[in-house]
Amino acid sequence: MSEKKTVKVGIIGCGAIGTLIAQAIEKKIVKCEELILYDYIQKKAKDLKNSIDFPVTIAENLNKMLNLKPTIIVEAASQKAVKDYIKPITSKGIKLIVMSSGALIGSNYQTERIYVPSGAIGGLDAISSAALTKISKVVLTTIFEGNAEKAATQFPRSMNVASTLSFIVKPAKVHVRLISDPTIKRNTHEIKVEWQYGEMYFCFSNDPHPENPKTSALAAWSAIQLLKTLIKNQ
Ligand SMILES: NC(=O)c1ccc[n+]([C@@H]2O[C@H](COP(=O)([O-])OP(=O)(O)OC[C@H]3O[C@@H](n4cnc5c(N)ncnc54)[C@H](O)[C@@H]3O)[C@@H](O)[C@H]2O)c1
């Protein structure tokens with residue numbers, strides 16, 4: 001009989017998304033034996049540890065996290081964190097779920113250990129099916145509440161959605177439009193795909209996360225779902 005493997009999950013970044021993932025582990029929506037947290041603001045990791053009823057080890061830096069041999073790490077930090085940590089993590093044979101997928105644009109990481117969840121959008125199964133034939137046009141329209149200054153700060157976040165989509169539709173390119181609407185209360189992404197055998201329209205209207213209005217709860221839940229699948233297939 002095969003022995004059950006101990007599953008250890010590492011989370012880098014204890015903000016809005018990291019917290020939701022840790023809470024899903026606490027509620028056993030994701031089943032694992034150990035949780036390791038790292039945030040470069042150590043208080044964030046300590047506060048998250050203290051807020052949940054699950055055994056947590058805090059790592060003071062990435063190397064300490066790697067020494068604890070996590071099975072899977074979820075990056076829920078920043079694009080810079082992805083750029084800095086992707087090689088040390090994947091070269092150790094550890095699977096990495098990347099939330100800040102904008103960091104992967106133009107990169108050429110040759111590893112199967114990197115996983116990008118659907119994030120704040122969906123329908124990627126249908127879009128990737130269409131990509132097997134020919135996609136002629138993809139337009140992503142991100143609608144948010146606010147002015148030009150807010151658009152500038154919103155832009156890197158929107159890049160995560162745009163880059164997740166761009167990996168799927170290759171070699172087609174994603175045309176991105178950012179629209180501000182002072183009346184809108186949700187983070188809204190509209191996707192239109194024209195392909196060889198028809199057209200697709202998707203609209204995601206996501207409530208802002210209470211702790212970080214720029215983030216949609218759907219993004220965290222997509223990581224939780226992917227984490228469950230990867231653990232099941234261990
Ligand atoms: N793929 C998607 O659709 C999607 C959707 C929403 C957010 N995101 C991305 O996910 C990431 C996390 O989002 P969030 O809302 O939880 O952010 P957040 O700001 O609430 O939390 C991020 C946490 O990571 C920590 N951190 C930042 N850089 C770090 C580093 N280099 N090393 C260690 N810790 C670091 C911060 O201290 C903070 O506690 C962001 O990059 C965001 O853009 C992706």
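To be clear, the structure that these remarks concern was listed above.
Heads up: these notes are all about the structure in this document. The structure displayed is predicted, hence computed values, not measured ones.

Scoring rules and cut-offs
Residues numbered from 1 in each chain as written. Predicted model: local features only at pLDDT ≥ 70, side-chain atom pairs only at ≥ 80, totals over all residues. Heavy atoms only, no water. Pairing = 2+ DSSP bridges. Helix = DSSP H or I, 4+ residues; strand = E, 2+ residues; numbered from the N terminus. Contact = heavy atoms within 4.5 Å. Axes fitted to C-alpha atoms, helices over the stretch in contact; angles between N-to-C directions. Salt bridge = Lys/Arg side-chain N within 4 Å of Asp/Glu carboxyl O. Buried < 20%, exposed > 50% of the residue type's maximum accessible area, 1.4 Å probe, protein only. Phe/Tyr/Trp six-rings, centres within 6.5 Å; stacked < 30°, edge-to-face > 60°. Nonpolar A, V, L, I, M, F, W, Y, C, P; charged D, E, K, R; others polar. Near = heavy atom within 4 Å. Polar contact = N/O pair within 3.5 Å; in protein donor to acceptor, adjacent residues only side chain to side chain. Domains from an automatic or database assignment. Parallel < 35°, antiparallel > 145°, perpendicular 65-115°, else oblique. Left-handed = near helix turned anticlockwise from the far one by under 90°.

1. Some words on the sheet that holds strand 2 (residues 34-38)
- Pairing is parallel in the open sheet, where 6 strands are placed in the order 3-2-1-4-5-6. In this open sheet, the two strands that pair with only one neighbour each are strand 3 (56-58) and strand 6 (114-115).
- When strand 1 (residues 8-12) meets strand 2, the two strands line up parallel, connected through 5 bridges. Counterpart to Lys 8 in the pairing with strand 2 is Glu 34.
- Each of strand 2 and strand 3 touches helix 2 (residues 42-51); the most contacted strand, strand 3, lies at about 170° to it.
- Packing of helix 4 (residues 79-90) onto the sheet brings it into contact with strand 1, strand 2, strand 4 (72-75), strand 5 (95-98) and strand 6, and relative to strand 5 it is tilted by some 160°.

2. Re the pattern of salt bridges
- Considering all chains together, one arrives at 5 salt bridges under this definition.
- One salt bridge in this structure joins Asp 207 and Arg 186, with 2.7 Å as the shortest N-O distance. On the criterion of sequence distance, the pair formed by Asp 207 in the loop between strand 10 (198-206) and strand 11 (208-209) and Arg 186 in the loop between strand 8 (174-180) and strand 9 (187-195) is long-range, its members being 21 residues apart.
- Overall, Asp 207 belongs to the partly exposed group, its relative accessible area being 46%.
- Of the residues examined, Arg 186 reaches a relative accessible area of 40% and is grouped as partly exposed.
- The closest approach of N and O atoms between Lys 192 and Glu 194, which form a salt bridge, is 3.2 Å.

3. Points about the packing of aromatic side chains
- In total, this model carries 3 aromatic pairs according to the counting rule given.
- Aromatic pair Trp 195 and Tyr 197: ring centres 5.6 Å apart, planes at 80°, arrangement edge-to-face.
- Here Phe 202 and Phe 204 contribute two aromatic rings whose centre-to-centre distance is 6.4 Å and whose plane-to-plane angle is 10°, an arrangement assigned as stacked. For the pair shown, Phe 202 and Phe 204 are each scored as buried.

4. Brief notes about the packing of helix 5 (residues 124-131) against helix 6 (residues 148-169)
- Where helix 5 meets helix 6, the axes come as close as 8 Å, and the angle between the chain directions of the two elements is 35°. For the pair formed by helix 5 and helix 6, the contact residues are Leu 124, Ile 127, Ser 128 and Ala 131 on the first element and Thr 164, Leu 165, Ile 168 and Val 169 on the second.
- Broken down by class, the residue content of the contact of helix 5 with helix 6 amounts to 6 nonpolar, 2 polar and no charged.

5. A word on the site of the ligand
- Of all residues adjacent to the ligand, which total 26 residues, the nearest are Asp 39, Lys 44, Ser 100, Asn 160 and Thr 215.
- In the environment of the ligand, an oxygen atom lies 2.6 Å from a nitrogen or oxygen atom belonging to the side chain of Ser 100.
- Here an oxygen atom of the ligand sits 3.0 Å away from a polar atom, N or O, in the side chain of Asn 212.
- Every element with two or more residues in the shell around the ligand is listed here: helix 1 (16-26), helix 4, helix 6 and strand 12 (212-216).
- Of the residues that constitute the shell around the ligand, the class distribution is 15 nonpolar, 8 polar and 3 charged.
- When residues are assigned to domains, the shell around the ligand turns out to be shared by domain 1 (8-119 + 217-232) and domain 2 (124-207), each giving three or more.

6. Here we look at the packing of helix 1 against helix 7 (residues 217-232)
- Between helix 1 and helix 7, whose axes approach to 9 Å, the crossing angle comes to 45°. Classified by the interaxial angle, the pair formed by helix 1 and helix 7 is oblique. Between helix 1 and helix 7 lies a crossing of right-handed hand. On helix 7, the residues touching Ile 17, Leu 20, Ile 21 and Ala 24 of helix 1 are Ala 217, Ala 219, Ala 220, Trp 221, Ala 223, Ile 224 and Leu 227.

7. Observations concerning the sheet that holds strand 7 (residues 135-144)
- Pairing within the open sheet is mixed, and its 4 strands lie in the order 8-7-9-10. On the outer flanks of this sheet lie strand 8 and strand 10, each paired with one strand and no other. Averaged over neighbouring strand pairs, the angle between their axes works out to 15° when direction is ignored.
- Where strand 9 and strand 10 come together, 9 bridges link them in antiparallel fashion. Of the residues in strand 10, the one forming a bridge with Glu 190 is Cys 203.
- The strands touched by helix 6 within the sheet are strand 7, strand 8 and strand 9, with strand 7 carrying the most contacts at an inclination of about 150°.

Don't take any of this as a statement about function, it's just geometry.
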